[in-house]
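Notes for the structure review
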Amino acid sequence: MKTQISKNFTLEELCHSNTAIAQGIDNIPNSTQIIHLKKLVTNLLQPLRDMWGEPMIIHSGFRSEETNRAVGGVVNSQHKEGKAADVRVNNPRKLQQELINSYLEWDQSILYDDGRNYFLHLSYNEGQNRKQVLFSKGTVATK
Ligand SMILES: [Zn+2]
């Protein structure tokens, strides 16, 4: 039984981690983290998905402290709070542009197109959204 947060996103896919499973790590959000995940989905991911009109695959959503360490995430990662998700689409650069041109609010949008990773990191931090447009090391801003 899956917990549907919105039309296209479930709580389970936002908490799935291959690394956590492989290493036997718990990756279960607490009630506060679940509230953050729901806000991320309803205020950012689902409206963006509706505009985009094509599948958005969650590459990495919530990460427990241990999961974040195992995947090499930064110490203060918003993934640990349930406020961030990395999404895969066929053109993450175009998705970032669509976000910039939209009415939506977001905190950080980080494009990963560096030959190694290919996705868009999106975060939502209610009341404190900075609308930052960032590029991972090795990703050029324009192409
Ligand atoms: Zn991320």
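Residues numbered from 1 in each chain as written. Predicted model: local features only at pLDDT ≥ 70, side-chain atom pairs only at ≥ 80, totals over all residues. Heavy atoms only, no water.

Per the secondary structure count, the protein includes 5 helices and 5 strands. Going from N to C terminus, the protein has its helices and strands arranged as α-α-α-β-α-β-α-β-β-β. Rg of the C-alpha trace for the protein: 14 Å, near the compact-globule value of 15 Å for 143 residues, within the 12% margin. Dimensions of the protein, computed from the C-alpha atoms along their principal axes, are close to 40 × 30 × 30 Å. Counting over 143 residues, the protein shows a buried share of 48%. Relative to all contacts within the protein whose residues are 6 or more apart in sequence, the contacts with residues 24 or more apart total 66%. Approximately 7,800 Å² of the protein is accessible, and the part contributed by carbon and sulfur atoms is 49%. Each charge class in the protein was averaged separately, 17 positive and 15 negative side chains, and the resulting centres sit 3 Å apart. (Helix = DSSP H or I, 4+ residues; strand = E, 2+ residues; numbered from the N terminus. Rg over C-alpha atoms; globule rule 2.2 N^0.38 Å. Buried < 20%, exposed > 50% of the residue type's maximum accessible area, 1.4 Å probe, protein only. Contact = heavy atoms within 4.5 Å. Areas by Shrake-Rupley, 256 points an atom, 1.4 Å probe, with all protein chains shown as cover. Lys, Arg positive; Asp, Glu negative; His and termini not counted. Charge placed at Lys NZ, Arg CZ, Asp CG, Glu CD.)

This part is about the nonpolar core. Counting residues in hydrophobic clusters, the biggest one holds 26 residues, and the most contacted among them are L14, L44, L45, M56, V87 and L122. Counting residues per element, the ones that place at least two in this core are α1 (11-15), α3 (31-52), β2 (84-88), α5 (92-100) and β4 (118-123). In terms of residues, this core owes the most to one element, α3, which gives 7 residues. (Core = buried A, V, L, I, M, F, W, Y, C linked by side-chain atoms within 4.5 Å.)

Pairs may arise between side chains of opposite charge once their charged atoms sit close together. Enumeration over the complete set of coordinates arrives at 7 salt bridges. Residue E81 is joined to K83 by a salt bridge in which the shortest nitrogen-to-oxygen separation is 3.5 Å. Looking at E81, the relative accessible area reads 34%, which means it is partly exposed. As a salt-bridge pair, D107 and R130 come within 2.8 Å of each other at their nearest N and O atoms. Here R130 lies in the loop between β4 and β5 (132-135) and D107 lies in the loop between α5 and β3 (108-113), a separation of 23 residues in the sequence. Using a relative accessible area of 0% as the deciding quantity, one classes D107 as buried. A relative accessible area of 48% places R130 in the partly exposed class. (Salt bridge = Lys/Arg side-chain N within 4 Å of Asp/Glu carboxyl O.)

For the zinc ion, the full set of protein donor atoms is H79 (NE2), D86 (OD) and H121 (ND1), at a range of 2.0 to 2.1 Å. Read in sequence order, the donor residues coordinating the zinc ion give the pattern H-x6-D-x34-H. Of the two residues, H79 is situated in the loop between α4 (65-70) and β2 and H121 in strand β4; the sequence distance between them amounts to 42 residues. Neither H79 nor H121 differs from the other in exposure class; each is buried. (Donors = N, O, S within 2.8 Å, 3.2 Å for Na, K, Ca; no water.)

To describe a pair of aromatic rings, you give the distance between the ring centres and the angle between the ring planes. One pass over the structure, following the stated rule, counts 1 aromatic pair. Ring plane angle 25° and centroid distance 4.5 Å describe the contact between Y112 and F119, whose orientation is recorded as stacked. Residue Y112 is classed as partly exposed on the basis of its relative accessible area, which comes to 23%. Its relative accessible area of 6% is what places F119 among the buried residues. (Phe/Tyr/Trp six-rings, centres within 6.5 Å; stacked < 30°, edge-to-face > 60°.)

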